[in-house]
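Structure at a glance
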Amino acid sequence: RLMTATAMMGVMMKGERESVTVTIKGNGPMGTLVAVANHGTVKAYADNPRVELPLREDGKLDVGAAVGSEGTLTVIRDLHMKEPYVGSVPLVSGEIAEDLTAYFAASEQIPTACGLGVLVDTDQSVLCAGGYMLQLLPGADESTIDRLEEAVRRLGPVTEILRQGSDAAGVLSQLLEGMEPELLERVPVSYKCYCNRERVSQAVISLGKTELRDMIDKEGSADLTCQFCDKVYHFSKEELEALLTEASED
Ligand code: ZN
């Protein structure tokens, strides 16, 4: 759900190097969730991706309980200007779509309807995932708002639409029925991680001298795994010692 939403927010970013990061720090067993997207790619990780919880009464996965209903949702938009734009709101339910709706209302003052759904197979693999984000432009009149609210109610849960095999255009045409929606762009989305040795080295350096020295003394070398794509980066003792010289005293 978080990846679907972040991918949609990423598509709204125009520049090649612009990115959006959505972090959810909830008090549930999943721990922190992070998703990063730009115009067409997305990547994500969860502190604890394997959480076993009983299904909700309606038979759905209990996402709210896994994420937790207390905590924060933070959005960082990196437009490659001096400072990234950062906005943060308290979690509403941990169900993600509701939390994002609250974020857009409180932090960006954009009335938003967000629906997210994931169909999970019996072996826990994802059959399909999808969603929508409807946002009002300034000056939208009351009758438009009423029509959209009614359309969102009529549409129902996203998982049902996915089950019926509807694609993004299909969801849009249902939500904007009678409003003559115009499809401006279709953007393929893929899971992609841009990690490389240079970035991982920078992360090692940012640990600081004390922790790095400790790592060298205790482990000798280090195998660091990228949280987003599971790629392993090996650093020999000599390489760690070279990074140590660049680390700052803490
Ligand atoms: Zn990676």
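These remarks concern the structure in this document. (Residues numbered from 1 in each chain as written. Predicted model: local features only at pLDDT ≥ 70, side-chain atom pairs only at ≥ 80, totals over all residues. Heavy atoms only, no water.)

1. Regarding the sheet that holds strand β4 (residues 71-78)
- One open sheet holds the six strands; their spatial order is β5-β4-β1-β2-β3-β8, and the pairing between them is mixed. Of all strands in the sheet, those with a lone pairing partner are β5 (85-90) and β8 (190-191), marking the two edges.
- In terms of strand pairing, strand β2 (residues 32-37) meets strand β3 (residues 41-46) through five bridges, oriented antiparallel. Looking at β3, one finds that Val36 is bridged to Lys43.
- Packing against the sheet, helix α1 (residues 2-11) makes contact with β1 (19-26), β2, β3, β4 and β8, and its axis sits at approximately 30 degrees to β2.
- Along the sheet, helix α3 (residues 97-107) makes contact with β4 and β5, crossing β5 at roughly 120 degrees. (Pairing = 2+ DSSP bridges. Helix = DSSP H or I, 4+ residues; strand = E, 2+ residues; numbered from the N terminus. Contact = heavy atoms within 4.5 Å. Axes fitted to C-alpha atoms, helices over the stretch in contact; angles between N-to-C directions.)

2. Remarks on a nonpolar patch on the surface
- There is a patch of nonpolar side chains on the surface, built from Leu55, Leu61, Val120 and Val126 and spanning about 350 Å² of accessible area.
- With respect to the secondary-structure elements, Leu61 resides in the loop between β3 and α2 (63-67). (Patch = residues over 30% accessible without salt bridge, like charges linked within 9 Å, V, L, I, M, F, W, Y side chains within 5 Å. Areas by Shrake-Rupley, 256 points an atom, 1.4 Å probe, with all protein chains shown as cover. Salt bridge = Lys/Arg side-chain N within 4 Å of Asp/Glu carboxyl O.)

3. Brief notes about the environment of Gly156
- By the element assignment, Gly156 lies in the loop between α4 (142-155) and α5 (158-163).
- For Gly156, a relative accessible area of 26% corresponds to the partly exposed category.
- Sequence separation between Gly156 and Gly115 is 41 residues; the distance between their C-alpha atoms is 8.9 Å. (Buried < 20%, exposed > 50% of the residue type's maximum accessible area, 1.4 Å probe, protein only.)

4. Quick notes on the coordination of the zinc ion
- Note on the zinc ion: its protein donors are Cys193 (SG), Cys195 (SG), Cys226 (SG) and Cys229 (SG). The metal-donor distances range over 2.2 to 2.3 Å.
- Each of the four donor atoms bound to the zinc ion contributes to angles spanning 103 to 116 degrees, and the resulting shape is tetrahedral.
- Donor residues for the zinc ion sit on one chain with the sequence pattern C-x1-C-x30-C-x2-C.
- Judged by relative accessible area, Cys193 falls into the buried class, the value being 19%. (Donors = N, O, S within 2.8 Å, 3.2 Å for Na, K, Ca; no water. Tetrahedral: all angles 85-135°; square planar, octahedral: opposite > 155°, others 65-115°.)

5. Overview of the pairing of strand β10 (residues 232-235)
- By the alternation rule, side chains of β10 split into Tyr233 and Phe235, which are all buried, and Val232 and His234, of which none is buried.
- Of the pairings in the sheet, the one linking strand β9 (residues 222-225) to β10 comprises four bridges and is antiparallel in character. Bridged to Thr225 within β10 is Val232.
- Counted along the chain from β9 to the antiparallel partner β10, the turn is six residues long, and its residue Asp230 has a positive phi close to 70 degrees.

6. Notes on the packing of α4 against helix α6 (residues 168-175)
- Taken N-terminus to C-terminus, the directions of α4 and α6 make an angle of 130 degrees; their axes are 9 Å apart at the nearest point. With respect to each other, α4 and α6 are oriented oblique. For the pair α4 and α6, contact is made by Leu148, Ala151, Val152, Arg154 and Leu155 and by Val171, Gln174 and Leu175, respectively.
- Residue classes in the contact of α4 with α6 are distributed as six nonpolar, one polar and one charged. (Parallel < 35°, antiparallel > 145°, perpendicular 65-115°, else oblique. Nonpolar A, V, L, I, M, F, W, Y, C, P; charged D, E, K, R; others polar.)

7. With respect to the nonpolar core
- Core analysis: the biggest nonpolar cluster contains 30 residues, and Met9, Ile24, Leu33, Leu73, Ile96 and Leu100 have the highest contact counts within it.
- Taken together, the elements giving at least two residues each to this core come down to α1, β1, β2, β3, α2, β4, α3 and β6 (112-120).
- Contacts of Leu100, omitting those with residues within four sequence positions, involve Ala5, Met9, Leu73, Leu116 and Met133.
- Counting residues in hydrophobic clusters, the runner-up holds 19 residues, among them Val34, Ile216, Tyr233 and Leu243. (Core = buried A, V, L, I, M, F, W, Y, C linked by side-chain atoms within 4.5 Å.)

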